[in-house]
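Architecture and fold: a report
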Amino acid sequence: MPQTPEEESLGSLVAQASDHISTLVRSEIELAKAEFRFDAKRVLTAGGLFAAAAFMAHLCLILASFAIAFVLAQWMPTWVAFLAVTVFYLLVAGLLVYVGVRKLKGLAGMKRTARSLKGLKEIAHPDEVPVADDRPVPVKRPVTPGGV
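A brief report on the enclosed structure follows. (Residues numbered from 1 in each chain as written. Predicted model: local features only at pLDDT ≥ 70, side-chain atom pairs only at ≥ 80, totals over all residues. Heavy atoms only, no water.)

1. Let's talk about the packing of aromatic side chains
In the structure shown here, the tally under the stated rule is 3 aromatic pairs. Look at phenylalanine 66 and phenylalanine 82: their rings are 5.6 Å apart centre to centre, the planes differ by 70 degrees, and that puts the pair in the edge-to-face class. Separated by 16 residues along the polypeptide, phenylalanine 66 in helix H1 (residues 10-72) and phenylalanine 82 in helix H2 (residues 78-105) bring together distant segments of the chain. Take phenylalanine 82: its relative accessible area is 26%, and that puts it in the partly exposed class. By the ring-pair criterion, three or more aromatic residues cluster together here, those being Phe66, Phe70 and Phe82. (Phe/Tyr/Trp six-rings, centres within 6.5 Å; stacked < 30°, edge-to-face > 60°. Helix = DSSP H or I, 4+ residues; strand = E, 2+ residues; numbered from the N terminus. Buried < 20%, exposed > 50% of the residue type's maximum accessible area, 1.4 Å probe, protein only.)

What follows is the structure, given as structure tokens:
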């Protein structure tokens, strides 16, 4: 005969609560896995579509380059027209590399994060002497009765 909640022991109630919590946690983990798989499939599909679009745009750029070269060939020799289009693309590529290098030189290297983590380490372990600094660490000496 099942017991009423008033008649159950505290141990059995704790065991039931623990069982319910572990079941709930397992269910939440399974839900998270299912949602992640669903989202991952969508992201991979979108990534494939973006890659296909980028490939098509690249083909269009090539065809547009030929069209521009043939239009320029109406006023200059064909080889000069194609050379002009090629030099234009080389200049644009060089400019993009220059801007990219300038952007990389401006990186701070996560200095604030490192400083914050160092502060957290000092809070967690105040007795430790920091070794990473190049500054000399002052040594605390006990005062002797003679004052020296």
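2. With respect to the packing of H1 against H2
Two numbers describe a pair of packed helices, the interaxial angle and the distance between the axes. Across the interface, H1 lies against H2 with an axial gap of 8 Å and an inter-helix angle of 135 degrees. Put simply, H1 runs oblique to H2. The two elements H1 and H2 meet at a crossing, and its hand is right-handed. Of the residues in H2, those touching H1 at Leu61, Ser65, Phe66, Ile68, Ala69, Phe70 and Leu72 are Ala81, Phe82, Val85 and Tyr89. By residue class, the composition of the contact of H1 with H2 is 10 nonpolar, 1 polar and no charged. (Axes fitted to C-alpha atoms, helices over the stretch in contact; angles between N-to-C directions. Parallel < 35°, antiparallel > 145°, perpendicular 65-115°, else oblique. Left-handed = near helix turned anticlockwise from the far one by under 90°. Contact = heavy atoms within 4.5 Å. Nonpolar A, V, L, I, M, F, W, Y, C, P; charged D, E, K, R; others polar.)

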